[in-house]
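Below, each chain spelled out in residue letters.
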Amino acid sequence: MLYQRSSQLFAEAEKVIPGGVNSPVRAFKAVGGTPIFVERAKGAYLYDVDGNRLLDYINSWGPMILGHAFEPVVHAVIEKAKLGTSFGMPTELETQIASLAVEMVPNVDKIRFVNSGTEACMSAIRLARGFTNRDKIIKFAGCYHGHSDSFLIQAGSGAVTFGSPNSPGVTAGTAKDTLLATYNDLENVNALIEANKGEIAAIIVEPVAGNMGCIPPKAGFLEGLRTLCSDNGILLIFDEVMTGFRLAPGGVQELLNVNADIVCFGKVIGGGLPVGAFAARNEIMNFLAPLGPVYQAGTLSGNPLAMAAGLAMLKALNEDKEVFERLAAKTAYLHAGLEKVLKENNIAFTINRIGSMISVHFDSSPVIDFKSAAKGDNENFKKFFHGMLQAGVYIAPSAYETWFITDALSYEDLDFTINAAATVAQTL
């Protein structure tokens, strides 16, 4: 495939946008080459500015669970736009989507809408600190909760040391309140709690990790976190920005029957528009302004376009409960096909999958945390990425990202993907 126009546009973008992109992973730094510029999308396909058609496995990093340009969402946005795009005042639509979200998600009474997953997670942490009157939090290496200062922390020198900033601009003072744990390792978490007794406000976790590839929780891991939090007065925050309304109508809480204290949302809940949200039971949410002392605000929060898109998406998912079974079945089919062709070509690999999330790791050892994810053969991944791209299949341009399956994918599309992988595997 030729990407002449994309290359020209990228060169122009680099002159006026840092790195030519507005989110770093789009720049192809992890895989090399020039980013693809998209012109339009429909269903399971992207159409770039050079006229190429690509099967899409990132789906805007998750929101397009029912396909690009999903008609009910498009119609809802157009009709609302005719009435005005933003008011900075309450609308009935906000209550409608809030009521539906609370109905679909277990263990929450109220929800506050914001404009991104980053904002949702940042606000959840502030709320947890205000509610518990404690400062420290535990996060997990490899879990991404947005680019708020509290989350841009790397490992310290030992299991119970403070983290240190891994981005200039994050202060050491902020870093000292963030403790870094190992995903899927309850003993490590318990050691951090014991070393900081009575000081930890919250543990925030992707209940299914999606930013070191797809990594499901080990049996008992989330249940163990729930017990540790309950026993130590710590709030458990599930970052369901990726998994919410994707793995089940009520997300991982419903899928794995583990309750969090605060849940963060994004992606699917906005139907493709910029939306985030966080939710909890009344006693926690009532700490938020204007009811309580914890301040959070946003001029465009709950704007009618985003709320219309999100409501249309949640309604579609709520009315078609079988969609989650269809998605899981399609993902399992893709898993089996990829596994077969990689084995036939003697490639070292591991495939992780849960629901409609899947990732291929080019290492034969189990991938259960960030350390094991980092063992993958990145050179093989780069070759695999570009080979699939040339074949007309677009996967995440990073070995540390999950693929997202959309219901718009047909089994013919999945067979095309598997056949493309079979051809590419011969070159690895």
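What you are looking at is a predicted structure, and each value in this text was computed from that prediction instead of being measured.

Calculation notes
- Residues numbered from 1 in each chain as written.
- Predicted model: local features only at pLDDT ≥ 70, side-chain atom pairs only at ≥ 80, totals over all residues.
- Heavy atoms only, no water.
- UniProt positions renumbered as here; feature names shortened; annotations may be inferred.
- Helix = DSSP H or I, 4+ residues; strand = E, 2+ residues; numbered from the N terminus.
- Contact = heavy atoms within 4.5 Å.
- Phe/Tyr/Trp six-rings, centres within 6.5 Å; stacked < 30°, edge-to-face > 60°.
- Buried < 20%, exposed > 50% of the residue type's maximum accessible area, 1.4 Å probe, protein only.
- Lys NZ or Arg CZ within 6 Å of the ring centre and 35° of its normal.
- Pairing = 2+ DSSP bridges.
- Axes fitted to C-alpha atoms, helices over the stretch in contact; angles between N-to-C directions.

Engineer: Please give an account of the UniProt feature "modified residue: N6-(pyridoxal phosphate)lysine" (unreviewed entry) in the protein chain that cites residues and values.
Structural biologist: UniProt feature "modified residue: N6-(pyridoxal phosphate)lysine" (unreviewed entry): in the numbering of this structure it lies at Lys267. The residue Lys267 is located in the loop between strand S11 (262–265) and strand S12 (276–280) in this model. Once residues lying within four places of it in the same chain are set aside, the contact partners of Lys267 are Trp61, Gly62, Pro63, Val241, Met242, Gly272 and Val275.

Engineer: Break down the packing of aromatic side chains for me, citing the residues and quoting the values.
Structural biologist: On inspection of all chains with the given rule, the structure shows 12 aromatic pairs. Considering the side-chain rings of Phe28 and Phe385, the 5.3 Å spacing of their centres and the 85° angle between planes classify their relative orientation as edge-to-face. Residue Phe28 is found in the loop between helix H1 (4–16) and strand S1 (38–42), and its partner Phe385 is found in helix H13 (residues 378–391); the two are separated by 357 residues along the sequence. Phe385 shares its class with Phe28; the two are buried. Centroid distance Phe28 to Tyr394: 6.5 Å. Interplanar angle 20°. Geometry classified as stacked. Note that Phe28 is positioned in the loop between H1 and S1 and Tyr394 in strand S15 (residues 393–394), a separation of 366 residues in sequence. With respect to burial, Phe28 and Tyr394 carry one shared label: buried. Put simply, the rings of Phe28, Phe385 and Tyr394 touch in pairs and so form one group of aromatic residues. In this structure, Arg40 packs its charged tip against the face of Tyr47, placed 4.0 Å from the ring centre.

Engineer: Which residues make up the side chain of Ser356, and what are the values?
Structural biologist: Tracing the chain through its elements places Ser356 in the loop between strand S13 (350–354) and strand S14 (357–361). On the basis of relative accessible area, Ser356 is assigned to the buried category, the value being 1%. Those residues in contact with Ser356 that sit more than four places away from it in its chain are Arg246, Leu247, Leu327, Thr331, Trp403, Phe404 and Ile405.

Engineer: Which residues make up the sheet that holds strand S9 (residues 200–205), and what values do they have?
Structural biologist: Judged by pairing direction, the sheet is mixed, and its 7 strands sit side by side in the order S4-S12-S11-S10-S9-S5-S8 without closing on themselves. Single-partner strands in this sheet number two, and they are strand S4 (110–114) and strand S8 (178–181). Each strand of the sheet is rotated relative to its neighbour by a mean of 20°, with strand direction disregarded. Bridging between strand S5 (residues 136–140) and S8 involves 4 bridges; their strand directions are parallel. Bridging across to S8, Lys139 finds its partner in Leu180. Against the sheet, helix H7 (residues 221–232) makes contact with S5, S9 and strand S10 (235–239), and its axis sits at roughly 145° relative to S10, the strand it touches most.

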